[in-house]
There are 4 protein chains.
Amino acid sequence: MGSSFGKNINVSIFGQSHSASIGVVIDGLPAGHRIDLEKLGQFMSRRAPGRNEYSTQRSESDTPVILSGLKDGVLCGAPFAAVIKNTDAVSRDYSEVSDKPRPGHADFTAQMKYNGTQDYSGGGHFSGRLTAPLCIAGGIMLQLLEEEGIKVGAHICEIAGVRDFSFDPVNVSEEDFDRLRASSFPVNDPEAGEIMKSAISAAKKAGDSVGGVIECAAIGLPAGVGDPMFDGMENMIACTVFAIPAVKGIEFGSGFTGSRSMGSANNDPFTWENGMIRTLTNNHGGILGGITSGMPLIFRVSIKPTPSISIEQETVSFSAKEKTKISIKGRHDPCIVPRAIPCVESAASLAIYDSLLGSRIHRKGENNR
Amino acid sequence: MGSSFGKNINVSIFGQSHSASIGVVIDGLPAGHRIDLEKLGQFMSRRAPGRNEYSTQRSESDTPVILSGLKDGVLCGAPFAAVIKNTDAVSRDYSEVSDKPRPGHADFTAQMKYNGTQDYSGGGHFSGRLTAPLCIAGGIMLQLLEEEGIKVGAHICEIAGVRDFSFDPVNVSEEDFDRLRASSFPVNDPEAGEIMKSAISAAKKAGDSVGGVIECAAIGLPAGVGDPMFDGMENMIACTVFAIPAVKGIEFGSGFTGSRSMGSANNDPFTWENGMIRTLTNNHGGILGGITSGMPLIFRVSIKPTPSISIEQETVSFSAKEKTKISIKGRHDPCIVPRAIPCVESAASLAIYDSLLGSRIHRKGENNR
Amino acid sequence: MGSSFGKNINVSIFGQSHSASIGVVIDGLPAGHRIDLEKLGQFMSRRAPGRNEYSTQRSESDTPVILSGLKDGVLCGAPFAAVIKNTDAVSRDYSEVSDKPRPGHADFTAQMKYNGTQDYSGGGHFSGRLTAPLCIAGGIMLQLLEEEGIKVGAHICEIAGVRDFSFDPVNVSEEDFDRLRASSFPVNDPEAGEIMKSAISAAKKAGDSVGGVIECAAIGLPAGVGDPMFDGMENMIACTVFAIPAVKGIEFGSGFTGSRSMGSANNDPFTWENGMIRTLTNNHGGILGGITSGMPLIFRVSIKPTPSISIEQETVSFSAKEKTKISIKGRHDPCIVPRAIPCVESAASLAIYDSLLGSRIHRKGENNR
Amino acid sequence: MGSSFGKNINVSIFGQSHSASIGVVIDGLPAGHRIDLEKLGQFMSRRAPGRNEYSTQRSESDTPVILSGLKDGVLCGAPFAAVIKNTDAVSRDYSEVSDKPRPGHADFTAQMKYNGTQDYSGGGHFSGRLTAPLCIAGGIMLQLLEEEGIKVGAHICEIAGVRDFSFDPVNVSEEDFDRLRASSFPVNDPEAGEIMKSAISAAKKAGDSVGGVIECAAIGLPAGVGDPMFDGMENMIACTVFAIPAVKGIEFGSGFTGSRSMGSANNDPFTWENGMIRTLTNNHGGILGGITSGMPLIFRVSIKPTPSISIEQETVSFSAKEKTKISIKGRHDPCIVPRAIPCVESAASLAIYDSLLGSRIHRKGENNR
């Protein structure tokens with residue numbers, strides 16, 4: 001059941017790299033919200049392949065077709081369903097994979113789990129292509145969050161070890177997000193961005209790949225959202241973010257760095273500001289005890305180098321039961337980080353919106369409908 | 001519903017720092033397994049307070065009382081329930097907290113979520129004390145995993161920035177775990193351990209605190225456990241590990257470091273070894289596509305410095321609606337890392353065992369009962 | 001995981017007939033509501049054994065001990081946990097059962113499911129005794145529902161085929177409920193009640209038992225609660241009501257009888273009444289499309305005759321692998337229907353309150369906390 | 001989230017009567033099973049409209065298009081997704097409904113839940129049309145159950161109060177199912193069938209409708225499937241069966257009738273038969289304590305008379321806030337019972353297959369994958 005998510009909504013993602021379609025069903029969305037399909041398309045285009053020189057040339061249009069859930073453009077209470085047709089699939093590129101697992105991919109583990117009946121072509125259900133329906137869901141959530149005054153944004157924080165300026169954890173703003181969203185290579189420090197691009201180009205030339213770190217923030221979140229223990233904001237966001245292939249780590253606020261400081265430095269002092277309680281610093285990343293503090297929610301995600309590289313690698317043959325070599329052909333991103341940004345925003349928005357709905361349940365003294 | 005976990009089992013944790021009891025119910029455990037209560041008690045004692053000079057002096061016996069679920073010491077199919085009585089609670093220590101949120105604690109966010117009706121005393125349900133029932137559950141799971149040949153172990157990887165030797169990611173062994181389990185300050189490098197201890201002592205003297213990193217591994221896991229996307233091993237482990245207060249980050253395998261390397265270096269080549277497919281390196285941390293590879297499952301968790309410090313800190317008064325100061329009295333660990341080790345093992349074992357049960361569902365060609 | 005229930009709350013029931021304790025944890029209750037423990041005790045006493053000549057003489061006090069979840073008598077957001085000690089257990093009464101399954105009981109099916117490791121004593125987790133923690137949860141829910149102006153009540157609708165007057169489906173009132181709640185044998189038609197009692201006495205004398213039907217209603221429910229398809233009010237109530245041992249059927253509104261009428265007779269015409277839309281009749285039992293209509297929610301539940309009878313019955317011996325006889329000794333209700341009434345009310349209130357919480361999520365245009 | 005079902009699988013149904021498509025996603029199916037799409041089509045055709053004189057003339061082809069989840073016709077572990085295009089929708093037939101709720105339909109309750117933003121056209125998500133994707137899921141489950149030797153069948157038990165012969169609860173056989181499946185009006189007693197048909201014709205002529213009862217059985221189920229309390233087979237089947245519009249009641253085994261008999265008559269004596277434990281009678285309907293006994297699982301479902309009738313009915317106008325009349329035009333079944341049979345089989349198979357998967361988890365002493 002791994003491809004379904006949600007406590008208060010049920011997001012169910014389906015499809016394989018080369019199945020007829022890929023898509024998503026979202027059950028449990030509140031009725032009455034207008035969905036801007038053009039805006040959704042723009043959001044989707046940020047992860048679409050073939051967008052610049054650093055991304056695979058596979059040129060799916062990736063336009064979601066809405067199957068249900070809207071009445072005259074408005075969420076009508078029925079489950080929302082949308083699909084994307086797979087039109088540009090080239091199955092033959094992957095024929096070798098059925099016998100030789102690609103290092104760093106799920107080919108081997110899927111073989112073990114499904115006893116060889118999995119759809120190996122293009123990575124099947126484990127393909128990065130499945131982040132497209134994740135982004136459909138995310139694009140919807142981002143619109144719903146925006147209606148509540150909540151914005152989510154992200155930037156390339158690091159590629160190949162080259163660092164971008166971090167968000168100001170106390171003052172990250174909507175303007176930051178707008179600026180980043182307008183860029184096809186969203187960084188805060190353009191100079192660092194140029195060095196990153198060079199590193200990607202060098203890796204591409206070498207038939208190799210690089211990874212990086214994405215920093216994501218949500219602002220406008222009210223205090224008091226999230227649950228204790230297993231359903232805290234950190235748990236929920238980690239749960240959705242690790243659904244993105246290539247993610248291998250996540251940290252909130254000061255994260256691993258904070259674990260090296262003293263309590264007196266890492267604790268964020270409370271203060272009054274315009275009649276509201278805020279913290280002077282934001283090492284807690286907007287979350288204490290799993291619950292939002294009203295400060296910007298901030299986390300960073302590590303993205304491993306794209307496992308598909310054209311350099312020859314050692315692997316095994318399932319059939320021959322011996323070692324062999326593999327050299328991955330086909331179209332691959334030498335660095336997945338830029339295209340992963342809307343995916344991280346999507347994952348975050350799923351977790352945040354689900355938690356926000358959950359927080360409605362527990363308001364005391366409220367009348368019911 | 002944050003205090004419940006599980007897809008195939010339902011672990012429900014209850015209690016507050018100063019409620020009559022704290023405890024856990026585990027629904028869905030397979031019947032027929034003998035539980036060694038003495039072994040469970042030994043495991044619990046690893047997180048018990050008052051164990052050494054670096055931990056709080058609160059001296060609860062922390063002995064779990066079994067209420068149900070066993071028949072003659074064997075799991076009988078009925079939900080397992082156990083409680084620990086809160087005998088040594090000193091509520092007056094915390095009276096100030098009802099009005100002044102402690103920086104770095106959940107006092108403020110709980111106040112916002114529950115509108116002041118939360119049990120603020122001792123941190124209520126957000127107290128580190130609630131990791132005791134987590135460890136009851138974990139102790140049970142570890143025994144069940146052991147029956148399947150799966151072992152889980154952890155060590156202090158870092159305290160106050162001082163690093164221990166990491167596990168050998170390819171060859172971490174049961175002997176490593178046994179050695180670590182026998183130690184009250186489990187490190188691989190005794191010299192580093194001494195420096196860490198000095199750092200803790202210095203922090204204690206200064207009324208301050210330090211944090212660190214815990215590295216945890218599971219060995220003996222078969223390949224093929226875990227689900228795609230949202231229920232992958234990474235998602236599930238992150239979901240349970242962030243239930244431990246003070247955890248702010250997690251990374252699997254090469255994690256954030258791996259995101260700085262090249263694909264050719266980070267990909268783990270496959271090979272045949274004794275008739276099985278293994279990888280020569282283990283940057284993937286035993287998980288590819290959310291599914292176990294059969295290699296050691298390895299992750300690291302960042303623990304923030306204990307937020308309770310006696311140094312005076314800035315905070316606010318809810319009632320006076322103005323800034324004030326707080327100086328936290330009472331008994332607190334200057335470093336929570338050593339006591340957090342069995343908690344991390346517990347969290348990991350919950351996620352792993354739940355996933356293992358789930359993997360039983362999807363074995364093709366098996367007869368049903 | 002069968003002993004856990006809920007979409008928006010998590011109710012986890014534990015215990016066996018003769019375990020140290022039985023109890024319940026409820027995770028996800030809104031904070032801030034005062035719980036009247038005396039009222040809870042009164043509610044519990046309605047199902048307590050040993051209450052009149054028709055019920056088993058086992059005289060547990062059945063007083064729930066609250067372990068957590070309250071702060072000064074008010075729900076504090078932490079999971080609510082309560083237990084009842086098993087003090088009057090007489091294990092020897094059931095020794096025969098380990099080898100000879102009692103007809104009509106779960107002894108045999110539990111043996112098959114748990115391979116003989118189940119706690120057979122007193123029926124273990126399948127014992128009617130486990131409805132005590134169900135009633136703790138139900139008693140809490142009923143208080144929370146009452147705060148929303150929602151009342152739940154039930155009466156003996158039929159025993160041994162003798163019928164009571166049904167509720168007036170359009171006008172069932174709080175006064176009806178108050179009157180019924182005050183009676184130890186709650187019927188609308190006292191004459192029918194006397195005949196029922198004679199039937200029970202006759203069955204008891206014969207070492208036999210009788211069953212019956214309970215009718216339950218909820219009033220004050222707003223229109224619009226419940227979800228389509230699988231989470232409709234009917235689905236949810238059926239899901240909780242079948243948790244009561246001995247329940248074998250449920251029907252809503254006109255139910256099976258309605259299936260024999262014409263559409264023109266069974267459809268309920270809409271009308272305006274005091275500025276609200278109501279129906280003139282209530283064959284739909286207050287639910288259309290799974291969602292409440294604002295009319296009284298009405299359902300009936302069939303209770304099979306108590307399977308424990310002292311008349312000798314045919315059964316098998318697991319060990320001897322042959323047919324044998326069994327004659328059930330010990331203390332048993334010749335008719336479980338009266339004591340099942342608070343259980344049915346509890347089951348209904350669980351489903352209704354969970355759905356009510358869920359309906360809060362989907363209010364458009366509401367601000368979040 | 002009402003349109004999703006499952007503990008071990010996640011079935012997510014989407015669509016409205018007049019949305020672009022309707023469909024279903026099933027996550028969590030075991031990989032490796034071949035799906036016979038022709039057989040699925042045949043099963044679907046049993047509920048298709050326009051099949052005989054008693055059903056609506058809407059002539060959708062209702063052929064499911066598979067979007068994902070199969071690799072060369074075999075379940076590949078990825079979520080299974082299929083859609084049916086809505087081609088024959090005539091929206092204008094329903095324009096009146098937006099203001100005048102049809103008695104017996106969900107128009108009013110949906111209006112209350114979704115504040116008028118619901119898709120009222122054709123009943124939207126509450127339309128009987130949504131049982132088509134339910135039958136896609138059911139058709140898949142029936143094939144998977146068949147691989148385990150489990151068969152599910154059903155017959156018209158009653159229409160307009162006219163009774164068919166019941167299944168022999170001890171000896172219902174695959175031959176019974178085959179015979180019934182071959183008939184477009186599946187009854188055990190052809191004479192009763194003719195009288196039922198006359199009743200339907202008479203109702204049709206009068207612009208009215210009739211309801212009935214469906215009896216469903218599952219054979220070949222091993223003993224030991226199902227969980228205690230809330231996840232018993234009765235709970236699960238009730239949960240899926242009430243997802244079918246028009247279902248208002250369900251009873252298992254002797255059900256309501258059994259509640260009128262004595263314990264000595266209703267209890268089913270155990271016996272040995274060919275080395276297996278069976279019961280001589282089957283008043284328990286194959287379920288004791290929520291768990292299968294290995295005897296035929298039998299239940300009956302009440303179906304209310306089709307609420308869509310052309311006879312003029314009283315209703316209200318939302319806009320005018322006053323009483324008015326409605327006369328429902330368009331194409332409607334005077335009796336939904338025959339077409340509901342595959343829906344009941346589907347609902348049963350969903351619940352049974354999910355429980356069967358769950359039972360795999362709890363086999364002690366089994367090796368994991």
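Reading the values: the criteria
Residues numbered from 1 in each chain as written. Chains lettered and ligands numbered in written order. Predicted model: local features only at pLDDT ≥ 70, side-chain atom pairs only at ≥ 80, totals over all residues. Heavy atoms only, no water. Helix = DSSP H or I, 4+ residues; strand = E, 2+ residues; numbered from the N terminus. Rg over C-alpha atoms; globule rule 2.2 N^0.38 Å. Buried < 20%, exposed > 50% of the residue type's maximum accessible area, 1.4 Å probe, protein only. Contact = heavy atoms within 4.5 Å. Areas by Shrake-Rupley, 256 points an atom, 1.4 Å probe, with all protein chains shown as cover. Lys, Arg positive; Asp, Glu negative; His and termini not counted. Charge placed at Lys NZ, Arg CZ, Asp CG, Glu CD. Pairing = 2+ DSSP bridges. Axes fitted to C-alpha atoms, helices over the stretch in contact; angles between N-to-C directions. Least-squares fit on C-alpha atoms with pLDDT ≥ 70 in both. Buried area = accessible area lost by both parts, 1.4 Å probe. Salt bridge = Lys/Arg side-chain N within 4 Å of Asp/Glu carboxyl O. Polar contact = N/O pair within 3.5 Å; in protein donor to acceptor, adjacent residues only side chain to side chain. Parallel < 35°, antiparallel > 145°, perpendicular 65-115°, else oblique. Left-handed = near helix turned anticlockwise from the far one by under 90°. Nonpolar A, V, L, I, M, F, W, Y, C, P; charged D, E, K, R; others polar. Phe/Tyr/Trp six-rings, centres within 6.5 Å; stacked < 30°, edge-to-face > 60°. Lys NZ or Arg CZ within 6 Å of the ring centre and 35° of its normal. Expected span 1.5 Å × (residues − 1).

### Quick word on the overall build of chain A
Point 1. Looking only at helices and strands, chain A has 9 helices and 18 strands in total.
Point 2. On C-alpha atoms alone, chain A measures out to a radius of gyration of 21 Å, which is about the 21 Å that the 2.2 N^0.38 rule sets for 369 residues.
Point 3. Judged by the C-alpha coordinates and their principal axes, chain A covers about 70 × 50 × 35 Å.
Point 4. Burial status across chain A gives 69% buried among its 369 residues.
Point 5. Relative to all contacts within chain A whose residues are 6 or more apart in sequence, the contacts with residues 24 or more apart total 72%.
Point 6. As presented, chain A carries roughly 11000 Å² of accessible surface, and 49% of it is formed by carbon and sulfur atoms.
Point 7. In chain A, which carries 36 positive and 41 negative side-chain charges, the distance between the mean positions of the two groups comes to 5 Å.

### Re the sheet that holds strand E4 (residues 65-68) of chain B
Residue and element names in this part refer to chain B.
Point 1. Across the sheet, 5 strands lie side by side as E1-E2-E3-E7-E4; this open sheet has antiparallel pairing. On the outer flanks of this sheet lie strand E1 (4-5) and E4, each paired with one strand and no other.
Point 2. Both E1 and strand E2 (residues 10-14) contribute to a ladder of 2 bridges, which runs antiparallel. For Ser4, the partnering residue across the bridge sits in E2 and is Ser12.
Point 3. Seen against the sheet, helix H3 (residues 131-147) touches E2, strand E3 (21-27) and strand E7 (80-85) and runs at an angle of roughly 35° to E3.

### So, the relation of the copies chain A and chain B
Point 1. Superposition record for chain A on chain B: RMSD 0.0 Å, screw rotation 180°, translation along axis 0.0 Å. The superposition operator between the copies reduces to a two-fold rotation axis.
Point 2. A share of 100% of interface residues in chain A that are also interface residues in chain B marks the association as one of identical surfaces.

### Points about the interface of chain D and chain C
Point 1. Counting residues at the interface gives 99 residues for chain D, matched by 99 residues for chain C.
Point 2. Where chain D abuts chain C, roughly 8000 Å² becomes buried across the two surfaces, and 65% of that area is made up of carbon and sulfur atoms.
Point 3. Contact with chain C buries area across many residues of chain D, yet Phe230(D), Lys248(D) and Phe270(D) alone supply 11% of it, more than any other trio.
Point 4. The tally of links from chain D across to chain C stands at 6 salt bridges.
Point 5. Between Lys113(D) and Asp227(C) there is a salt bridge; the shortest N-O distance is 3.6 Å.
Point 6. At the surface where chain D touches chain C, the tally comes to 37 residue pairs in polar contact (both at pLDDT 80 or more).
Point 7. Here the side of chain D that touches chain C gets 6 residues from one element, more than from any other, and that element is strand E11 (residues 247-252) of chain D.

### Comments concerning the interface of chain A and chain B
Point 1. In this complex, chain A contributes 99 residues to the contact, which on the side of chain B involves 100 residues.
Point 2. Both sides together, the interface formed by chain A and chain B hides about 8000 Å², and carbon and sulfur atoms give 65% of it.
Point 3. When the buried surface of chain A facing chain B is broken down by residue, Phe230(A), Lys248(A) and Phe270(A) rank first, second and third, together holding 11% of it.
Point 4. Put simply, chain A and chain B have 6 salt bridges between them.
Point 5. For Arg260(A), the salt bridge is made with Glu158(B), and the minimal N-O distance between the two is 2.4 Å.
Point 6. Across the chain A-chain B interface, the total number found is 37 residue pairs in polar contact (both at pLDDT 80 or more).
Point 7. The biggest single contributor to the side of chain A that touches chain B is strand E11 (residues 247-252) of chain A, with 6 residues.
Point 8. One ladder, built from 3 bridges, connects E11(A) with strand E11 (residues 247-252) of chain B; its direction is antiparallel. From the neighbouring strand, Ile250(A) faces E11(B), where its bridge partner is Ile250(B).

### What to know about the environment of Gly193(D)
All names here are of chain D.
Point 1. Examined against the element boundaries, Gly193 turns out to sit in helix H5 (residues 190-205).
Point 2. Each C-alpha atom of the pair Gly193 and Asp164 lies 7.2 Å from the other, and the pair is 29 residues apart in sequence.
Point 3. With sequence-adjacent residues up to four places away left out, Gly193 is seen in contact with Phe185 and Val187.

### Observations regarding the pattern of salt bridges
Point 1. Applying the stated criterion to the full structure yields 84 salt bridges over all chains.
Point 2. Between Asp231(A) and Lys7(A) there is a salt bridge, and its shortest N-O distance comes to 3.2 Å. In this pair, Asp231(A) is assigned in the loop between strand E10 (212-219) and helix H6 (233-241) and Lys7(A) in the loop between strand E1 (4-5) and strand E2 (10-14), connecting sequence segments 224 residues apart.
Point 3. Given the relative accessible area of 35%, Lys7(A) is considered partly exposed.
Point 4. One salt bridge in this structure joins Glu345(C) and Arg46(C), with 3.0 Å as the shortest N-O distance. Of this pair, Glu345(C) sits in helix H9 (residues 337-361) while Arg46(C) sits in the loop between helix H1 (37-45) and strand E4 (65-68), placing them 299 residues apart in sequence. Here Glu345(C) and Arg46(C) have matching classes, each one buried.

### A word on unusual backbone geometry
Among all residues except glycine, the phi angle is most often negative; among peptide bonds, the trans geometry is most common.
Point 1. A positive phi angle is found at Ala246(B), which is not glycine, with a value near 90°.
Point 2. Structurally, Ala246(B) is set in the loop between helix H6 (233-241) and E11.
Point 3. Backbone geometry at Lys321(D) places phi at a positive 55°, although glycine is not the residue there.
Point 4. Tracing the backbone shows Lys321(D) in the loop between strand E17 (313-317) and strand E18 (322-326).
Point 5. A relative accessible area of 58% means that Lys321(D) is categorised as exposed.

### Some points on the side chain of Ser19(D)
Point 1. Along the chain, Ser19(D) turns up in the loop between strand E2 (10-14) and strand E3 (21-27).
Point 2. Within polar-contact distance, the side chain of Ser19(D) engages the backbone oxygen of Ser21(D) at 2.7 Å.
Point 3. Not counting residues up to four positions away in its chain, the partners in contact with Ser19(D) are Leu67(A), Ser68(A) and Asn86(D).

### Description of the packing of helix H1 (residues 37-45) of chain D against helix H3 (residues 131-147) of chain D
How two helices pack is summed up by the angle between their axes together with the distance between the axes.
All names here are of chain D.
Point 1. Close contact between H1 and H3 brings their axes to 9 Å; oriented N to C, the two are set at 130°. Judged by the angle between their axes, H1 and H3 are oblique. Where H1 crosses over H3, the handedness of that crossing is right-handed. Residue-level inspection shows Lys39, Leu40, Phe43 and Met44 of H1 in contact with H3, the latter providing Ala132, Cys135, Ile136, Gly138, Gly139, Ile140, Leu142, Gln143 and Glu146.
Point 2. When grouped by side-chain class, the residues that make up the contact of H1 with H3 number 8 nonpolar, 3 polar and 2 charged.

### Side note on the packing of aromatic side chains
Point 1. Using the criterion set out here, one finds 22 aromatic pairs over all chains in the structure.
Point 2. Relative to Phe252(B), the ring of Phe242(A) has its centre 5.4 Å away and its plane inclined at 90°; by these criteria the two rings are edge-to-face. Pair noted here: Phe242(A) is in the loop between H6 and E11 and Phe252(B) is in strand E11, and the two residues belong to different chains.
Point 3. Here Phe252(B) falls in the buried class, since its relative accessible area comes to 0%.
Point 4. Look at Phe167(D) and Phe177(D): their rings are 5.9 Å apart centre to centre, the planes differ by 70°, and that puts the pair in the edge-to-face class. One end of the pair, Phe167(D), is in the loop between strand E9 (162-163) and helix H4 (174-181); the other, Phe177(D), is in helix H4, with 10 residues separating them in the sequence.
Point 5. On the basis of relative accessible area, Phe177(D) is assigned to the buried category, the value being 1%.
Point 6. Members of the aromatic cluster, joined through ring pairs, are Phe242(A), Phe252(B) and Phe299(B).
Point 7. One residue, Lys71(B), lies across the ring of Tyr120(C), its end atom 4.5 Å from the ring centre.

### Things to note about the environment of Leu357(A)
Point 1. For Leu357(A), the location among the structural elements is in helix H9 (residues 337-361).
Point 2. For Leu357(A), a relative accessible area of 0% gives the class buried.
Point 3. Taking the C-alpha atoms as reference, Leu357(A) lies 9.2 Å from Lys7(A); in sequence the two are 350 residues apart.
Point 4. Leu357(A) has contacts with Asn8(A), Ile9(A), Gly28(A), Pro30(A) and Ile361(C), leaving out every residue within four places of it along the chain.

### Considerations on the side chain of Arg360(A)
All names here are of chain A.
Point 1. Tracing the chain through its elements places Arg360 in helix H9.
Point 2. Classification of Arg360 as buried rests on a relative accessible area of 2%.
Point 3. At 2.9 Å, the side chain of Arg360 forms a polar contact with the side chain of Glu148.

### Section: H3(B)
Residue and element names in this part refer to chain B.
Point 1. With 17 residues, H3 extends 24 Å from end C-alpha to end C-alpha; this agrees with the ideal 24 Å at 1.5 Å per step.
Point 2. Most of H3 is tucked away: 15 of the 17 residues are buried.
Point 3. Remark: Gly149 follows H3 within two positions and exhibits a positive phi of approximately 80°.

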